[in-house]
Amino acid sequence: MDGSTTEGKIENKINNCSLIRMRHIVKRYYIGQPNELEILHGIDLDVEDGEFVSIVGESGSGKSTLMNMIGALDRPTEGEYFLEGEDVGSLSDEELSEIRNRKIGFVFQNFCLISRTSAIENVELPMLYAGIGKRERRRRATELLEMVGMGERADHNPNELSGGQKQRVAIARAMINDPAIILADEPTGALDSKTGRMVMDIFHELHDKQKKTIVLITHSRELARETERMITIADGEIVDG
Amino acid sequence: MPFIENIRLAFRAIRVNKLRSFLTMLGIIIGISSVITITTIGNSLQKTIASTMNELAGNNLMYGMVQPYYPETDEEWDAWEMPELTENDALTYDKLIAYKKAFADRVKAVFVERDMGTAVYETKAGKSNVSLKGASAGFTDIYKVKMIAGRSISDEDNEKKAPVCVVSDLFVKYAMGLEENPIGKKVVFPTGEYGSVTAYIVGVYHYEAKVFNDVSSNKSIPEKNIQTVVALPFTYVWDLMGFDETDGIDFFNIVAGEQADAVAVKNETVAYFDKMYYADNENFHFECQDMASQMGIINNVLLVLTLAVSVIAGISLIVGGVGVMNIMLISVMERTREIGVRKALGAKNSHIRAQFLVESIILCLLGGVIGIAIGLFNGVILSNVASSLVSMYAADVAGYLVVTVRPSIPAILISVGFSVATGIAFGYYPANRAAKLEPIDALRYE
Ligand SMILES: Nc1ncnc2c1ncn2[C@@H]1O[C@H](COP(=O)(O)OP(=O)(O)OP(=O)(O)O)[C@@H](O)[C@H]1O
Ligand SMILES: [Mg+2]
């Protein structure tokens, strides 16, 4: 089932199911060892299709840990997680790769572009893993780079780009497979406020014009207030939102 | 993910670490290049021998000779003395003719020759150096010369010890100063040792430099100064030189018939001579050597050499492979975060495995290709050096030498195969390790 398609969305509506539905998510490290550590203590979280949500909280409170779980990069120790009605906990590594490939678009604080690889090739990468042909990849990647205002820099390698430019390429890359959700972990954290603003504007545009579901982690209450809903995490628990 | 994409990635990764990649390939380069060098030389040598022999007399040329029984132990050697060759033991012209008659259906030529030395022929018309050679019938078969007038030395000439000779066209032109047919003309060659040798010309052959190759093959010598062979009947020369029945013929040539099985002819020849002349002989026996089995010996030597080099190459491939594995493990570690990012973007384990496996294969293949190139270069150079050494130190056969430099195609294909196999064998573990990294661990790797 491909939830990002119209059928997937309709199915969610029929099942009366949120896009993201987390129930009692627990994450522990060093399990069974004396220094066992519980980071998330039973998180319940729902995100509806088309929502723009921000997650805020103290450093070390578990925001990134939660985000990685949403993005199927990591598995919860306990709890249930449904993405577009699909039980993510029951999927194999292979299937998780496909989920990340088709349904999730990651934007990281430190950009995470592949070095010595041009902007456009970076943007194409998820489509390459999806097995889409060269022409279609080029066409879509060019379109997205133009959307984020990076059309001119398509052939530049990451080391020739500024932080803000890198982040815009990363956003284009996150969008390439038209994912169900964009997950952005402190996307403006490494940028000055002016460039950060520009990146935020792109997110707003994606949300307003393309109705993208976006989950944004930020340290800035100011930016968080721009979103539709602000979730506050403290010590591995949702305290607000 | 298309395969071609992995190849591009591999080349990019190799280019980024040029020196490191090259050092890694070194073991493979050395291994492959040594195998290609030796197989190129071996193959060239084989081909050269084969085509040279074909040039000489095909694979049907053999040598017959009388050999003493050599002692087997060291003590026997100490007491051993070369036995005296008696009239019975010695090979004579008549014995050869008897053999030739018996084997007429299977043997194309039986040839024996005796060099008599050189002479200076001088008339008013000109002057020429000649080398006098006593020859049985078969002169044209063995030397592969073409008669352009008259006939060659025959069995009958030998039977009669006839004072006849066959000269070259150059001799006719420059020494005799004749344009027209010299058949029937009398020539006298003043030899120092054997006095004047008189003969009537019965045939003229066309001189070809490579046939009577010696210093005269040197192109800088003017045509008129070239020393050519004058062939006289073997028996005539034998008498002139003062030999008799007790002076044995050292060896003679046999050319098996084109349709005949050379090996069978050889065995039958040995059986014939041993039965006829050496049945109860304690001192001597007959021996026959053929080119084909000589070549077999050379081939065996080459095979052993190739195997030995291959074992060394195999070891250096393993060492090279371990180096590749080591560098691939480092590469995977260095690129852990990249692997994490790729996985976050949806790369499956199989994608990552393929990426690193292809990189390792390309690394080895590149080493293999460089090795093949170096090996071919070495092989061609060394083969040419070998043949020019032959031309320099064995000028008498150099004319027949058909130098053929042929790299061994199977060796090249096998080398490519082994390079790829090394890449797979030693790249699999690092690639699999990369593939199995947990996405989140890889992404957070510092
Ligand atoms: N692999 C791990 N092993 C052990 N502890 C971990 C691991 N990953 C994260 N943690 C711990 O989990 C806690 C939450 O980390 P997380 O990265 O989620 O915080 P965060 O809310 O994103 O903080 P920040 O705002 O600084 O990014 C931290 O105390 C961290 O030490
Ligand atoms: Mg964080």
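Since we're looking at a predicted model, the values are computed, not measured.

Parameters and conventions
- Residues numbered from 1 in each chain as written.
- Chains lettered and ligands numbered in written order.
- Predicted model: local features only at pLDDT ≥ 70, side-chain atom pairs only at ≥ 80, totals over all residues.
- Heavy atoms only, no water.
- Domains from an automatic or database assignment.
- 1 Å grid on protein atoms, 1.4 Å probe; cavity = no way out; pocket = protein on both sides within 12 Å on 5 of 7 lines; lining within 4 Å.
- Points joined across faces, edges and corners; volume = space filled by probe spheres on them.
- Nonpolar A, V, L, I, M, F, W, Y, C, P; charged D, E, K, R; others polar.
- Helix = DSSP H or I, 4+ residues; strand = E, 2+ residues; numbered from the N terminus.
- Phe/Tyr/Trp six-rings, centres within 6.5 Å; stacked < 30°, edge-to-face > 60°.
- Buried < 20%, exposed > 50% of the residue type's maximum accessible area, 1.4 Å probe, protein only.
- Lys NZ or Arg CZ within 6 Å of the ring centre and 35° of its normal.
- Pairing = 2+ DSSP bridges.
- Contact = heavy atoms within 4.5 Å.
- Axes fitted to C-alpha atoms, helices over the stretch in contact; angles between N-to-C directions.
- Near = heavy atom within 4 Å.
- Polar contact = N/O pair within 3.5 Å; in protein donor to acceptor, adjacent residues only side chain to side chain.
- Areas by Shrake-Rupley, 256 points an atom, 1.4 Å probe, with all protein chains shown as cover.

Peer 1: Tell me about the domain arrangement of chain B, and name the residues and values.
Peer 2: Assigned domains of chain B: these are domain 1 (3-56 + 296-444) and domain 2 (62-291). Taking only C-alpha atoms, the centre of domain 1 of chain B and the centre of domain 2 of chain B are 53 Å apart.

Peer 1: So what about empty space enclosed by the protein? Which residues, and what values?
Peer 2: Evaluation of the coordinates by the stated rule reveals four cavities of 30 Å³ or more. The calculated volume of the largest cavity comes to roughly 150 Å³. A:Thr117, A:Glu121, A:Leu125, A:Leu128 and B:Glu5 are the residues nearest the centre of the largest cavity, which is lined by 15 residues in total. Taken together, the residues of the lining of the largest cavity break down into five nonpolar, one polar and nine charged. Size it by volume and the second largest cavity reaches roughly 60 Å³. Among the secondary structure elements, those contributing two or more residues to the lining of the second largest cavity are helix H3 (93-103), strand S6 (104-107) and helix H6 (163-175) of chain A.

Peer 1: Which residues make up the packing of aromatic side chains, and what values do they have?
Peer 2: The relation between two aromatic rings is expressed through the spacing of the ring centres and the mutual angle of the planes. All names here are of chain B. Applying the stated criterion to the full structure yields 25 aromatic pairs over all chains. Aromatic side chains Tyr99 and Phe103 sit 4.6 Å apart centroid to centroid with 35° between the ring planes, which places their arrangement in the tilted category. Tyr99 sits in the buried class, given a relative accessible area of 0%. Using a relative accessible area of 3% as the deciding quantity, one classes Phe103 as buried. For the ring pair Trp238 and Phe243, a centre distance of 4.8 Å and an interplane angle of 45° mean the geometry is tilted. Residue classification places Phe243 among the partly exposed positions, given a relative accessible area of 23%. One aromatic cluster in this structure is built from Tyr99, Phe103, Phe252, Tyr272, Phe273, Tyr277, Tyr278 and Phe286. Across from the ring centre of Phe103, 4.3 Å away, lies the NZ or CZ of Arg106, which sits over that ring.

Peer 1: Can you tell me about the sheet that holds strand S5 (residues 86-87) of chain A, naming the residues and giving the values?
Peer 2: Residues and elements named next belong to chain A. The strand order across the open sheet formed by four strands is S2-S1-S4-S5, and the pairing between neighbours is antiparallel. On the outer flanks of this sheet lie strand S2 (37-47) and S5, each paired with one strand and no other. Direction of pairing for strand S1 (residues 20-29) relative to strand S4 (residues 78-83): antiparallel, over a ladder of five bridges. Each residue of the ladder has a partner; that of Arg23, found in S4, is Glu80. Contacts from helix H2 (residues 63-70) reach S1, S2 and S4 within the one sheet, and its direction differs from that of S1 by about 125°.

Peer 1: Help me get a handle on the site of ligand 1, residues and values and all.
Peer 2: Near ligand 1 lie 14 residues; those nearest to it are A:Ser59, A:Lys63, A:Ser64, A:Thr65 and B:Arg444. Neighbouring residues of ligand 1 are distributed over chains A and B. In the environment of ligand 1, a nitrogen atom lies 3.3 Å from a nitrogen or oxygen atom belonging to the side chain of A:Tyr29. The side chain of A:Lys63 places a nitrogen or oxygen atom 2.6 Å from an oxygen atom of ligand 1. For ligand 1, whose unbound accessible area comes to 630 Å², protein coverage reaches 70%. Counting residues per element, the shell around ligand 1 draws most heavily on H2(A), which supplies three residues. Tallied by class, residues from the shell around ligand 1 come to three nonpolar, seven polar and four charged.

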